[in-house]
Amino acid sequence: MGVRRLAIDIAACLAVAAPFGLVGCGSSPPAPKPRRPAVRNVDPVPAERVSDVVARVEGAATASSCTAVKGLLHSVYGTIGEPACRSVKAELGTFSDPHGKAYGTGAVIDYASIGGQRKLMALALDSDRRFHVAFIEDAPGPSIGSARPAQFDAAAATVVRSLQSGDCNTFLRFVDRQMGLGTGGDRQVCRRVSSEPFRRELQADQRARPVALGGNAQIAFYKVRSAPTRYYTMIMARRAPSASSGGYVLVNAFPA
């Protein structure tokens, strides 16, 4: 059976720009606005351990209904229908021999599914300060404890720069085209990503840079602050090498 992945589909959010205020000849300048207190860049802290997440997933895998599975998924999914829920439950399978590790606001659970097939579950912190499933995919073998290649860092930096500069040609080379932000044709991806809050905020903050949180040979996590109160967990994955990306690509960025 080929690789089965959980695709992530984020609804586009449209921005409304306020017009610049102009002071006409002979008119009075607007009164200065009172200063607001500075907002501290405090990173979100998980309210649970990876062992707690493993226990939640075990409960969902053995439950007779799909309700518990829906609660595992990150809020970027929105409302999950029964067919999608059953698909995720099938990915969990027997959920045996799980091993988990947290990397800041990202986490990985490596486990065996039906027939002993190893699976890799990538998770990101959500607004409730708990880890939620970002995607699930087949794994070539146990990944936890393996070294994170340095190439992840260069690829993550390229992704952020391309979003800030509006260079979609480069972005297309460094995004996963099978799931997440990169699904669809080139024009469709560029049009959809251009309206993503994550992209708009990065374009407004040219100083934002990805900060490595850790990872392994297959998955790497980065924190990105696009504003004092906006925090994202960016997930990069290793794919088949290509001439442009080297096989290190963005899957998606998850708000916490």
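These notes cover the structure that comes with them.

What counts and what doesn't
- Residues numbered from 1 in each chain as written.
- Predicted model: local features only at pLDDT ≥ 70, side-chain atom pairs only at ≥ 80, totals over all residues.
- Heavy atoms only, no water.
- Helix = DSSP H or I, 4+ residues; strand = E, 2+ residues; numbered from the N terminus.
- Buried < 20%, exposed > 50% of the residue type's maximum accessible area, 1.4 Å probe, protein only.
- Contact = heavy atoms within 4.5 Å.
- Phe/Tyr/Trp six-rings, centres within 6.5 Å; stacked < 30°, edge-to-face > 60°.
- Core = buried A, V, L, I, M, F, W, Y, C linked by side-chain atoms within 4.5 Å.
- Axes fitted to C-alpha atoms, helices over the stretch in contact; angles between N-to-C directions.
- Parallel < 35°, antiparallel > 145°, perpendicular 65-115°, else oblique.
- Nonpolar A, V, L, I, M, F, W, Y, C, P; charged D, E, K, R; others polar.
- Expected span 1.5 Å × (residues − 1).
- Arc of directions from axis to C-beta.
- Pairing = 2+ DSSP bridges.

Per the secondary structure count, the chain includes seven helices and eight strands. A buried classification covers 46% of the 256 residues belonging to the chain. For the chain, the share of sequence-separated contacts (at least 6 apart) that also reach a separation of at least 24 residues comes to 55%.

So, about the packing of aromatic side chains. Enumeration over the complete set of coordinates arrives at four aromatic pairs. With 4.7 Å between their ring centres and 50 degrees between their planes, Phe95 and Tyr111 make a pair best called tilted. Of the two residues, Phe95 sits in the loop between helix H3 (82-92) and strand S1 (96-103) while Tyr111 sits in strand S2 (residues 106-112), which places them 16 residues apart along the sequence. Among the residues examined, Phe95 registers a relative accessible area of 5% and is labelled buried.

Once that is clear, we can look at the nonpolar core. In terms of nonpolar packing, the biggest core is built from 41 residues, with Leu92, Ile109, Met121 and Ile235 touching the most fellow members. Counting 26 residues, the second-largest nonpolar core is a separate cluster that includes Val160, Val189, Met234 and Met236.

The next point concerns the packing of helix H4 (residues 151-165) against helix H7 (residues 197-204). At a closest axis distance of 7 Å, the pairing of H4 and H7 adopts a crossing angle of 80 degrees. For the element pair H4 / H7, the angle class is roughly perpendicular. Mapping the contact onto sequence places Val160, Leu163 and Gln164 in H4 and Phe198, Arg199, Leu202 and Gln203 in H7. In terms of residue class, the contact of H4 with H7 is made up of four nonpolar, two polar and one charged.

Here the focus is unusual backbone geometry. Its identity is not glycine, yet Phe95 carries a phi of approximately 40 degrees, on the positive side. The phi dihedral of Asp97 falls on the positive side, at around 50 degrees, and the residue is not glycine. Turning to its location among the elements, Asp97 is positioned in strand S1.

Let us look at helix H1 (residues 50-62). For H1, spanning 13 residues, the distance from its first C-alpha to its last is 19 Å, which sits close to the expected 18 Å at 1.5 Å a residue. Within H1, burial applies to Val50, Val53, Val54, Arg56, Val57, Ala60 and Ala61. Seen along its axis, H1 keeps its buried residues to an arc of 160 degrees; they face one direction. Summarising the contacts, the buried residues of H1 are in contact with helix H2 (67-70), H3, S1, S2, strand S3 (118-125) and strand S4 (131-138).

This next bit is on the sheet that holds S3. Strand order across the open sheet formed by four strands is S1-S2-S3-S4, with antiparallel pairing between neighbours. Sheet topology places S1 and S4 at the edges, where each strand pairs with a single neighbour. Going from strand to strand, the sheet's axes swing by 20 degrees on average, the running direction of each strand aside. One ladder, built from seven bridges, connects S2 with S3; its direction is antiparallel. Following the sheet pairing, Val108 is matched in S3 by Ala122. Packing against the sheet, H1 makes contact with S1, S2, S3 and S4, and its axis sits at approximately 140 degrees to S1.

Read these as geometric descriptors, not functional statements.
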